[in-house]
Amino acid sequence: MSPVLEVRGLAKDFGGIRAVDGVSFDVREGEILGLIGPNGSGKSTLFNCILGQLAPSAGEVRIDGRAITGKRPCQLNRLGVGRTFQLLQVFPQLTVRENLILAGQEHQASMWSRLVGRRDAGLGPAADRMIEFFRLAQLAEEKAGALSYGQQKLLDVAMAFMAGPRLVLLDEPAGGVNPTMLAGLRERLREINAAQRATFVVIEHNMEFVMALCTRILVLAEGRIIAGGTPSEIRANPAVVEAYLGG
Amino acid sequence: MKKLALLLPVALIAAPFFLKPYGIYLLSLWVVMTIAAIGLNLTLGYAGQISLAQGSFVGIGAYAAALLTSTGWPLWLAFLLAIALSLAIGWVLGYPALRVQHHYLAFVTLAFATLVFLVLRNEEWLTKGVYGITGIPRPTLFGWSTKGPIAFYFFCLGVLALVSAGTWWLVRSPWGRAFTALRENATRADSLGVDTRRYTLMAFAIGSALGGIAGVLYAPLIQFIEPNAFNLNLSLNLLLMVMVGGSGYFLGPFLGAAVSVLLPEWMRFGSEGLYLIFYGAAVMVLMALCPSGLLGLAERVFRR
């Protein structure tokens, strides 16, 4: 089976600084790959290069065997790639329900039919199901800006799944979420992974979360992959301890 | 607020029967400026794209109407031409917004406004330059003459009703949601499949087209146009209407245009020529205390 995501020799320079240095890896269908590394190791830059938010200096990215380097984020989203950002990114003036409808509406019919057709673009029931699934039912008609940080984080993650993506890149989904909500979030992600065979790549600093969620982990330091393996292999790898704690 | 929105049409239909011709003229001007401000509110208030060129599109519409109707063409053709021209030029004006934002974009649109003004003033063979165009006729629609002030006012009001209904539909549709997403967080919107480039261009094009429609009504309302009417002052005034009424609120342009067109005239009486100072001070205080405009202020008060 060909990988869902192939990254080959990806590099990104900012002036004289090489933030990502020839990174290559594959992600297979249904896999939950964790990407960890100390602050400044190039994880978010790597995400942004994969997802078209930054133009890579070198290398290639393929999704389902198709080269996507240089494609715009909205084009990638329509190819079935979802993402969340390191910092919270919901639309504060829209309600929770509208945030979710927005997250799926551009996949519905043509641009013209979105103007003359139904206000919810036919996504009302799907949005309600997602609201239930992420335990946000009491907040459906609240403006997203009025939610707590943890609730906004859940909404942010839920939005990435509204269009039924095949591949989702989650940038620090656990950041700022309280332990109770975090357990719920992990369960939701596992359920989606099992039910839809959705593939995830997760950047995360919360080791407990990433070790419990991911099936395989890659470790990035100074823009390069220094280790890869199952959570237990990574835990026991001296190079990883060295990268985090320094020598 | 909803009751006020329902009462407004009734008041607007009844108002001209209680007013003198100058009052009806002012009310008609309010209608025309409201249409232009609705367009700018779509571009700026909903989609978050600053434009200092809305007055230029009013000028483009007005000159299209004046040039066509003075040579015997019907006004509906002027509407079509003005809409097509403003849509196309507005679309092109949107391209800089794909590269620059905020005050940089303001300067790009400012340059465009200056360019349009210079064309209107200098290309005498087409626009008659500073001499302007006089004797612009008011239309007769299906045998109904709009020559009188009340008839023309109702004609303008009918166009405002159509524009309002269309805009109401648009801002509540998935397009309106995408415009809001574009304003609040374009990067996130892009990652959710929203083609932010296309929506930016459409926000400019549709907003500009509404400016063009306002211009088509402006020409037969005044029956004389010249380039100075469409210089930067008009664009700034329209910006003021959007900001004072409440940027991003559907009724904001209605209220903002009333403040800009009607309030100074009302204040003129009894203030011995000081009304513009009072008016300017009132606007400054409002903007300092409530940058989200009158409707933003009302929302804050009612929420308490």
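Structure shown above.
Small disclaimer: the values here were computed from a predicted structure and weren't measured.

Q: Break down the overall build of chain B for me, with residues and values.
A: Across its full length, chain B carries 14 helices and 4 strands. Rg of the C-alpha trace for chain B: 19 Å, near the compact-globule value of 19 Å for 304 residues, within the 12% margin. In chain B, which comprises 304 residues, the proportion classed as buried is 47%. By sequence separation, contacts in chain B at least 24 residues apart represent 76% of the contacts at least 6 residues apart.

Q: Go over the interface of chain B and chain A with me, naming the residues and quoting the values.
A: When the parts of a complex come together, some accessible area is lost, and that lost area is often taken as the interface size. The interface of chain B with chain A comprises 18 residues on the first partner and 25 residues on the second. Contributing elements (two or more residues each) for the side of chain B that touches chain A: helix H8 (174-184) and helix H9 (186-191) of chain B. With 7 residues, H8 of chain B is the largest single contributor of residues to the side of chain B that touches chain A. Looking at the side of chain B that touches chain A residue by residue, the classes come out as 6 nonpolar, 6 polar and 6 charged.

Q: If you had to explain the sheet that holds strand S3 (residues 32-36) of chain A to someone new, which residues and values would you point to?
A: Residues and elements named next belong to chain A. Pairing is mixed across the open sheet formed by 6 strands, whose spatial order is S6-S7-S8-S3-S9-S10. The open sheet has two edge strands, strand S6 (81-83) and strand S10 (224-229), and neither has a second partner. Strand-to-strand twist across the sheet, computed as the mean angle between neighbouring axes with direction ignored, equals 20°. Across 5 bridges, strand S7 (residues 167-171) lies against strand S8 (residues 199-203) in parallel orientation. Residue Leu-167 lies in a different strand from S8, and its bridge partner there is Thr-199. Its contacts with the sheet put helix H1 (residues 43-50) on S3, S7, S8 and strand S9 (216-221), and the angle it makes with S7 is roughly 150°.

Q: Please provide a residue-by-residue account of the sheet that holds strand S5 (residues 66-67) of chain A, values included.
A: All names here are of chain A. Spatially, the 4 strands line up as an open sheet ordered S2-S1-S4-S5, and their pairing is antiparallel. Each of the sheet's edge strands pairs with one partner strand only, and the pair in question is strand S2 (17-27) and S5. Pairing analysis gives 2 bridges linking strand S4 (residues 58-63) to S5, with the strands arranged antiparallel. Residue pairing for S5: Arg-62 is matched across the bridge by Ala-67.

Q: Can you tell me about the nonpolar core, naming the residues and giving the values?
A: With 162 residues, the main nonpolar core has Val-32 and Ala-65 of chain B as its most contacted residues. The contacts of Ala-65 of chain B, once residues within four sequence positions are left out, are Leu-75, Ala-78, Ala-82, Ile-136, Gly-215, Val-216, Ala-219 and Pro-220 of chain B.

Q: How would you explain the pairing of strand S1 (residues 5-14) of chain A if you had to name every residue and give the values?
A: All names here are of chain A. Relative to S2, S1 runs antiparallel, the two being bridged by 7 bridges. Bridge pairing in S2 links Leu-10 to Val-23. In sequence, S1 turns back onto S2 through a hairpin of 2 residues, with Gly-15 there showing a positive phi of about 60°. In the sheet, S1 pairs with S4 via 5 bridges, with the strands oriented antiparallel. Pairing of Leu-5 across the sheet is with Ile-63, part of S4.

Q: Describe the packing of helix H3 (residues 96-105) of chain A against helix H5 (residues 124-133) of chain A, with residues and values.
A: Residue and element names in this part refer to chain A. For the pair H3 and H5, interaxial distance at closest approach is 9 Å and the crossing angle is 120°. Relative to H5, the element H3 lies oblique. Viewed along their axes, H3 and H5 form a crossing whose handedness is right-handed. Listed contacts from H5 to Val-96, Arg-97, Leu-100, Ile-101 and Gly-104 of H3 are Ala-126, Ala-127, Met-130 and Ile-131.

Q: Please set out helix H7 (residues 149-172) of chain B residue by residue, giving values where relevant.
A: Residue and element names in this part refer to chain B. With 24 residues, H7 ought to run about 34 Å at 1.5 Å a step, and its terminal C-alpha atoms sit 34 Å apart, in line with that. All buried positions along H7 are accounted for by Pro-149, Phe-152, Tyr-153, Phe-155, Cys-156, Leu-160, Val-163 and Thr-167. Tucked into the core, H7 has its buried residues touching helix H2 (21-46) and helix H10 (196-222).

Q: Pulling in residues and values, what's your account of the packing of helix H11 (residues 232-245) of chain B against helix H12 (residues 252-268) of chain B?
A: All names here are of chain B. Relative to each other, H11 and H12 sit at 120°, their axes nearing to 7 Å. As summarised for this structure, H11 and H12 are arranged oblique, according to the angle between their axes. Between H11 and H12 the crossing geometry is right-handed. Judged by residue contacts, Asn-237, Leu-240, Met-241, Val-242, Val-244 and Gly-245 of H11 engage Gly-252, Pro-253, Phe-254, Leu-255, Gly-256, Ala-257, Val-259 and Ser-260 from H12.

Q: Hey, could you go over the pairing of S10 of chain A for me, with residue numbers and the actual values?
A: All names here are of chain A. The pairing of S9 with S10 spans 5 bridges and is classified as antiparallel. Of the residues in S10, the one forming a bridge with Ala-221 is Arg-224. What sits between the antiparallel neighbours S9 and S10 is a turn of 2 residues, in which Glu-222 has the positive phi angle 50°.

Q: Quick rundown of the environment of Phe-230 of chain B? Include the residues and the values.
A: Residue and element names in this part refer to chain B. With respect to the helices, strands and loops of the structure, Phe-230 is situated in the loop between strand S4 (224-225) and H11. Spatially, the C-alpha atoms of Phe-230 and Gly-59 are 5.3 Å apart, while their sequence positions differ by 171 residues. Apart from the residues lying within four places of it in its own chain, the contact partners of Phe-230 are Gly-55, Ser-56, Val-58, Gly-59, Ala-62, Phe-117 and Leu-120.

Q: Explain helix H3 (residues 54-70) of chain B residue by residue, including any values.
A: Count 3.6 residues to each turn of an α-helix, and residues three or four apart come out pointing the same way. Residues and elements named next belong to chain B. For H3, built from 17 residues, the straight-helix expectation of 24 Å at 1.5 Å per residue is met to within 8% by its first-to-last C-alpha distance of 24 Å. Of all 17 residues making up H3, 15 are buried, and the element is well covered by its neighbours. Two residues or fewer past H3, Gly-72 is found with a positive phi of approximately 95°.

Q: Could you give an account of the environment of Arg-224 of chain A, naming the residues involved and the relevant values?
A: Residue and element names in this part refer to chain A. In this structure, Arg-224 sits in strand S10. By C-beta crowding, Arg-224 is classed as partly exposed, having 15 other C-beta atoms within 10 Å. Discounting residues that sit within four places of it in the chain, Arg-224 has contacts with Asp-21 and Val-23.

Q: If you had to explain unusual backbone geometry to someone new, which residues and values would you point to?
A: Glycine aside, a negative phi is what most residues show, and trans is what most peptide bonds show. Phi is positive for Glu-172 of chain A, close to 50°, though the residue is something other than glycine. Among the secondary structure elements, Glu-172 of chain A is positioned in the loop between S7 and helix H7 (179-196). Given 20 C-beta atoms within 10 Å, Glu-172 of chain A falls into the buried group. Of note in this structure, Gln-223 of chain B is not a glycine but carries a positive phi near 65°. Mapped onto the elements, Gln-223 of chain B comes out in the loop between H10 and S4. By the C-beta count within 10 Å, which is 14 here, Gln-223 of chain B ends up partly exposed.

Q: Give me the lowdown on the environment of Pro-253 of chain B, citing residues and values where you can.
A: All names here are of chain B. Looking at the secondary structure, you find Pro-253 in helix H12. Residues Pro-253 and Met-243, spaced 10 residues apart in sequence, show a C-alpha to C-alpha distance of 8.4 Å. When sequence neighbours within four positions are dropped, the list of residues in contact with Pro-253 reads Thr-34, Ala-37, Ile-38, Asn-41, Met-241, Val-242 and Gly-245.

Calculation criteria
- Residues numbered from 1 in each chain as written.
- Chains lettered and ligands numbered in written order.
- Predicted model: local features only at pLDDT ≥ 70, side-chain atom pairs only at ≥ 80, totals over all residues.
- Helix = DSSP H or I, 4+ residues; strand = E, 2+ residues; numbered from the N terminus.
- Rg over C-alpha atoms; globule rule 2.2 N^0.38 Å.
- Buried ≥ 20, exposed ≤ 12 C-beta atoms within 10 Å, placed from the backbone.
- Contact = placed C-beta atoms within 7 Å.
- Nonpolar A, V, L, I, M, F, W, Y, C, P; charged D, E, K, R; others polar.
- Pairing = 2+ DSSP bridges.
- Axes fitted to C-alpha atoms, helices over the stretch in contact; angles between N-to-C directions.
- Core = buried A, V, L, I, M, F, W, Y, C linked by C-beta atoms within 7 Å.
- Parallel < 35°, antiparallel > 145°, perpendicular 65-115°, else oblique.
- Left-handed = near helix turned anticlockwise from the far one by under 90°.
- Expected span 1.5 Å × (residues − 1).

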